[in-house]
Amino acid sequence: MRLRVAAGAPAALKVLAAAGAAAAPVRLVWSGPVERPLAPLSPPWVPSLELDSGTILFSPNAICQFFFLARGEEPTDLTNQWLEWEATELQPAASAALYTQLVHGKKGLEAVEALGKLLAHIEQNLSRRGTAYLAGDTKSVADVVVWGTLFPVLQDETSLPTELQALRTWFQSMTLSEACRKAADSVLMPRALLEFKSYLQKQPPPSLAMQRATSNEPEPSLQEEEGSERALTEEEITAAADAWACGAAGLPKPWQPQKPVLPVEGMRNVLITSALPYVNNVPHLGNIIGCVLSADTFARYCRLRNWNTLYVCGTDEYGTATETKAVEEGLTPQEICNKYNAIHADIYHWFDISFDYFGRTTTPYQTTIAQDIFQRLLARGFLLQDTVEQLRCEDCQRFLADRFVEGTCPFCSYEEARGDQCDKCGKLINAVELKNPQCKLCKGVPVVKPTQHLFLDLPKLEERLEPWLEQSWASGDWTANARYITRSWIRDGLKPRCITRDLKWGTPVPLDGFRDKVFYVWFDAPIGYLSITANYTDQWERWWKNPQQVELYNFMAKDNVPFHSVIFPCSLLGAEDNYTLVNHLIATEYLNYEDGKFSKSRGVGVFGDMAKDTGIPADIWRFYLLYVRPEGQDSAFSWSDLMLKNNSELLNNLGNFINRAGMFVCKFFGGAVPNMVLTLDDKRLLARVTLELRQYHQLLEKVRIRDALRCILSISRHGNQYIQVNEPWKRIKGDEKDRQRASTVTGVAVNMASMLAVLLQPYMPGVSLAIQEQLCIPPDCFVLSHNFTCTLPPGHRVGTVSPLFQKLENDQVEALRKRFGGGQPENLAVEPQAKQTPPASEPPPAPATVMAPGDPQLIQELTEEVAKQGNHVRQLKANKAEKAQVDMEVAKLLELKKQLALAEGKSPEVPVPKGKRKK
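### Examining the overall build of the protein chain
On a plain count of helices and strands, the protein chain comes out with 33 helices and 20 strands. For the protein chain, with 919 residues in total, the buried portion stands at 55%. Sequence separation of at least 24 residues holds for 78% of the intrachain contacts in the protein chain that already meet a minimum separation of 6. Total accessible area on the protein chain stands at roughly 39500 Å², and carbon and sulfur atoms take up 53% of it.

Laid out in structure tokens, this is it:
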């Protein structure tokens, strides 16, 4: 490999550091900007890498990634997100900062002003995760790339703010590493920098249009900076007092749409969908927060803003999995769908999900609309016909759907790759490309058989897709992971995508020669959004063929992104029927359970049909899931943390404030809100609360749901502090001045509680309603404004005030942890010794994990757990972890392998070692 770099070029820094860190065998060629670059499109001062194959890379980040990949280090999702953030946000700001340093001669903190929020972002992530490096405890390509971008600007230590301690530690650690130090010494030589400065002086100043936030990462430190931490101006204090004095008259009048909800000209019309849950899977907490609960929270917020909002969802009911489930339960596919659709609907009703309509895909409208889109694509030449080599299991007498084939990935050699996609490298796979394929139903070896299928011509549609994506990204709010995943698909090049399957349960293909086939679920299922809306109203086209008036928000977990950002939009663009396409694609990462994954068959984790049996109210579940919503990275449900957040944030903070405010009105003022005479301190509080309120709006408008919840808790903390400092329970017993102070503090506090009831409604609708009833808040005040107004004026009478939350006890939580922790044998060793053991004459109870051999769901889950634990063990060994820790994790791995062997009907004493088959 030949690496050409220019001395003095900042972009060369990260490339040389990556080459050194990855020990890449490159031949270094130094050049100047006047020399002809290796790549014709490569701009001056940008490095180029010529591979032995003749391929040329001239993106610095791509070169860095190549070096680490060549060493065998696969990027994680978190690494990729850092690289995306560096490219889209940090690089433009760093270029502007470097320009001000070299061209304008600015020094120190003045020069890095444009980096302020971005540096705080790094600081906050390092502090929150408690790791030495950006993506974990070991150095990754993300660290090298981010350091390489920052170092030219921050090499002068005075430029780095002293309060960013975690950032300083990380930056110094990187700078002192051998690879980075050598790169800096080689590239940033004084003479070369002068040449680069001369080049910059001839260029226009860099644009900072990137300041529009595109990252969905939480930034609590920035919220504090913009909210309670910064000084208030006189203008803000005066404006807050004026808004308060307007009272309820200053609020917009709540608007109630007619039924059915239809777009209204001149209004903001918001159409919200959450990914359709597959019908025969009972949703667990991760499914609920990833799709329906996140969408519900945003839909409730939109309605409180008087935006004309329609929220639809339903069960995805076609496909092989439904057929298989029907065989297992001895029912027809339609009976299975009816049964599980009712289960889903019951779960979402208990969680208080406010669908305008919850439907299903097994309807006549689904057939009509899907076939119409198909016919339009066919007529416009966007469908291909081809003979496909497909895997067929002769033992099962069926062509195998992708999800029922497993084997070794042909790209990265991951041994548990599915028949459609590899979970490790993320690449799409044709099932016949798998090495060592295996039928997951019977463990037999499938054979390849030819069959005719239809394909969506994605390469032909790409020229329509890319301009639309650029426009949607520029005007909409897509989460960073959604943008990254979509870009990776486009970058790898689109290929024709099969849209038919050899099944019976599905939407029939209306074309001669294919009438015995059905549409593949990923062509068919997103059309369910349209057909579900059509079942809600026969005027569905006013929502779905009206992009001029409708804003579409799609909510999903990240694994669904490509189908909503590439495949479905291509289908609609090719249909040429003025369809409404997604404006805002909101994707979460994954929610894990404690230290592992949810598993229904093994009894691990809380599933939707179990939550209501815990005795914990639905609103507490909603609160905690939204509090740990995996917005920027995977997060985990934790029983201990649930107890902590309930008892601290809800009981002691939020509930305590609202209860005290209401009780003071009842106890000291006969249930009527007292007169208020505002002091300067009171007006400062109004201004502080107004800042939090506006931050709440800014975050929710960007669908940063988790971060906006912190604003609510911050307001109640301000309220508690306000009450504590002023002590109205003491002042009410004092002289007239003290009694007036108690009166004012109580009146302001109960109005803060009234506002909190509205802010809480998207998150905890039941608690919000309880506050509304206790304080007798007028319905006309249940609307969101950007100002904090006095909605409960003097003389307003409140009702009976009672506590909103109950304490969760440790014994209660521990019992729930054990109940939902599965029956893994390793857990039995930590049970109290006093626990009864069965008499010798009685057989011991079977562990919850032991099921009939051959159960495909259990085998799939255990196989994934073995792979995950195996990777964990390998990582520990590579990092030279303590032997005791490695031994403990190896024991867990062996136990998982034993369980997998039992599930597969093999001898548990001889677990089958993956990847060591004899030739």
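### Focus: the sheet that holds strand E12 (residues 435–439)
Strand order in this open sheet of three strands is E11-E10-E12, and the pairing throughout is antiparallel. Each having just a single partner strand, strand E11 (417–418) and E12 make up the two edges of the open sheet. Taken together, the three bridges between strand E10 (residues 405–408) and E12 define a ladder with antiparallel strand orientation. Opposite Thr 408, over in E12, you have Lys 435 as the bridge partner.

### A look at the packing of helix H24 (residues 639–669) against helix H26 (residues 705–726)
The relative placement of two packed helices is expressed as an angle between their axes plus a distance between the axes. The interhelical angle for the contact between H24 and H26, taken along N-to-C directions, is 50°, at an axis separation of 9 Å. By the criterion of interaxial angle, the relationship of H24 to H26 is oblique. Helix-helix and strand crossings are classified by hand; for H24 and H26 the assignment is left-handed. Taken together, the residues of H26 that come into contact with H24 (itself represented by Glu 649, Asn 652, Asn 653, Leu 654, Asn 656, Phe 657, Arg 660 and Phe 664) are Ile 712, Leu 713, Ser 716, Arg 717, Gly 719, Asn 720, Ile 723 and Gln 724. The residue inventory of the contact of H24 with H26, partitioned by class, reads six nonpolar, seven polar and three charged.

### Some remarks on the nonpolar core
Counting residues in each nonpolar core, the largest one holds 178 residues, and the members touching the most others are Ile 272, Ile 373, Trp 639, Tyr 696 and Tyr 763. Ignoring sequence-local partners within four residues, the contact set of Ile 272 consists of Ala 295, Phe 298, Ala 299, Cys 302, Thr 309, Leu 310, Tyr 311, Val 312, Tyr 553 and Phe 555. Counting 55 residues, the second-largest nonpolar core is a separate cluster that includes Ala 9, Val 15, Val 146 and Ala 183.

### Description of the environment of Leu 572
Within the secondary structure layout, Leu 572 lies in helix H21 (residues 561–575). Take Leu 572: its relative accessible area is 3%, and that puts it in the buried class. Each C-alpha atom, one on Leu 572 and one on Leu 377, is 8.7 Å from the other, the two residues being 195 residues apart in sequence. Not counting the four nearest positions on each side in its chain, Leu 572 is found in contact with Ile 373, Tyr 579, Thr 580 and Leu 581.

### Examining the sheet that holds strand E5 (residues 269–274)
Strand order in the open sheet formed by five strands is E7-E6-E5-E17-E18, with parallel pairing between adjacent strands. The sheet is open, and its two edges are formed by strand E7 (357–360) and strand E18 (584–588), each paired on a single side. Between one strand axis and the next, the sheet turns through 20° on average, direction left out of account.

### What about the confidence of the model for the protein chain?
Mean pLDDT over the protein chain works out to 83, with 83% of the residues at or above the 70 mark. Of the regions scoring below 50 in pLDDT, residues 824–854 engages in 29 contacts with residues more than four places distant in sequence or in other chains. Segment residues 907–919: pLDDT under 50, and twelve contacts once partners within four positions in sequence are set aside and those in other chains are kept.

### Looking at the side chain of Glu 86
Residue position: Glu 86 is located in helix H3 (residues 77–102). Judged by relative accessible area, which is 0%, Glu 86 ranks as buried. At 2.7 Å, the side chain of Glu 86 forms a polar contact with the side chain of Asn 61. Filtering out sequence-adjacent residues up to four positions away, Glu 86 remains in contact with Lys 14, Asn 61, Gln 91, Val 145, Val 146 and Thr 149.

### A closer look at the packing of aromatic side chains
The tally for this structure, following the rule as stated, stands at 35 aromatic pairs. Where Tyr 357 meets Tyr 536, the ring centres are 5.9 Å apart and the plane angle is 45°; that geometry is what we call tilted. One end of the pair, Tyr 357, is in strand E7; the other, Tyr 536, is in helix H19 (residues 527–536), with 179 residues separating them in the sequence. Using a relative accessible area of 27% as the deciding quantity, one classes Tyr 357 as partly exposed. When the ring of Tyr 624 is compared with that of Phe 637, the centres are 5.5 Å apart and the planes differ by 85°; the resulting orientation is edge-to-face. Here Tyr 624 is found in helix H23 (residues 618–627), whereas its partner Phe 637 is found in strand E20 (residues 635–637), with 13 residues between them in sequence.

### Description of the pattern of salt bridges
Under the defined criterion, the tally for this structure stands at 39 salt bridges. Asp 352 is the partner of Arg 300 in a salt bridge, and the nearest nitrogen-oxygen pair spans 3.4 Å. Of this pair, Arg 300 sits in helix H12 (residues 285–304) while Asp 352 sits in the loop between helix H14 (333–350) and E7; the two residues are 52 residues apart in sequence, bridging distant segments of the chain. As a salt-bridge pair, Arg 684 and Asp 681 come within 2.9 Å of each other at their nearest N and O atoms. Here Arg 684 pairs with Asp 681, and both are found in helix H25 (residues 680–701), just three residues apart, close to one helical turn. Several salt bridges share partner residues, and in doing so they unite Asp 296, Arg 300, Asp 352 and Arg 622 into one network.

### Concerning the side chain of Thr 149
On the secondary structure map, Thr 149 appears in helix H6 (residues 141–154). At 3.2 Å, the side chain of Thr 149 forms a polar contact with the side chain of Lys 14. Among residues more than four places away in sequence, those in contact with Thr 149 are Lys 14, Glu 86, Leu 90, Gln 91 and Ala 94.

### Observations concerning H12
At Val 292, H12 shows its largest bend, some 40°. A large share of H12 lies buried, amounting to 18 of its 20 residues. Of the residues one or two after H12, Asn 306 is the one with positive phi, at around 65°.

Conventions adopted
- Numbers given to residues run from 1 along each chain, matching the order in which its sequence is written.
- Residue-level local features of this predicted model are given only where pLDDT is at least 70; pairs of side-chain atoms are given and counted only at 80 or more, and the full residue set underlies all totals for whole chains, interfaces and linings.
- Calculated side-chain values reflect all of the structure's heavy atoms, with hydrogen atoms and water omitted.
- Starting at the N terminus, helices and strands are each numbered in turn, a helix being any DSSP run of H or I of at least four residues and a strand any DSSP run of E of at least two.
- Any residue under 20% of the maximum accessible area for its type is buried, any over 50% is exposed, and the rest in between are partly exposed; the area is computed with a 1.4 Å probe on protein chains only.
- Whether two residues are in contact is decided by their heavy atoms: any pair within 4.5 Å suffices.
- In these tables, accessible area is a Shrake-Rupley quantity obtained with a 1.4 Å probe, and a residue counts as shielded only by the protein chains included in the view.
- Strand pairing is defined by DSSP finding a minimum of two bridges between the two strands.
- Angular values range over 0 to 180 degrees, each being the angle between N-to-C directions of two axes fitted as lines to C-alpha atoms, with helices fitted over their stretch in contact.
- Working rule for angles: under 35 degrees goes down as roughly parallel, over 145 as roughly antiparallel, 65 to 115 as roughly perpendicular, anything else as oblique.
- Two helices cross in a left-handed way if the nearer one is turned anticlockwise from the farther one by less than a right angle. They cross in a right-handed way if the turn is clockwise.
- The nonpolar class holds Ala, Val, Leu, Ile, Met, Phe, Trp, Tyr, Cys and Pro. Asp, Glu, Lys and Arg form the charged class, and all remaining residues, Gly among them, are polar.
- As used in this record, nonpolar core signifies buried Ala, Val, Leu, Ile, Met, Phe, Trp, Tyr and Cys residues forming a set joined through side-chain atoms within 4.5 Å.
- Within a predicted model, pLDDT stands for the predictor's per-residue confidence, ranging from 0 to 100.
- As used in this structure description, the phrase polar contact means that two N or O atoms lie within 3.5 Å; if the pair is within protein, one of them must be able to donate a hydrogen and the other to accept it, and residues adjacent in sequence are counted only when both atoms belong to side chains.
- Pairing of aromatic side chains here covers Phe, Tyr and the six-membered ring of Trp, requires ring centres within 6.5 Å, and sorts the geometry by plane angle: under 30 degrees stacked, over 60 edge-to-face, intermediate tilted.
- Salt bridges are identified by distance alone: a Lys or Arg side-chain nitrogen within 4 Å of an Asp or Glu carboxyl oxygen.
- Take the seven residues that end at a residue and the seven that start at it, fit an axis to each, and the angle between those axes is the bend at that residue.

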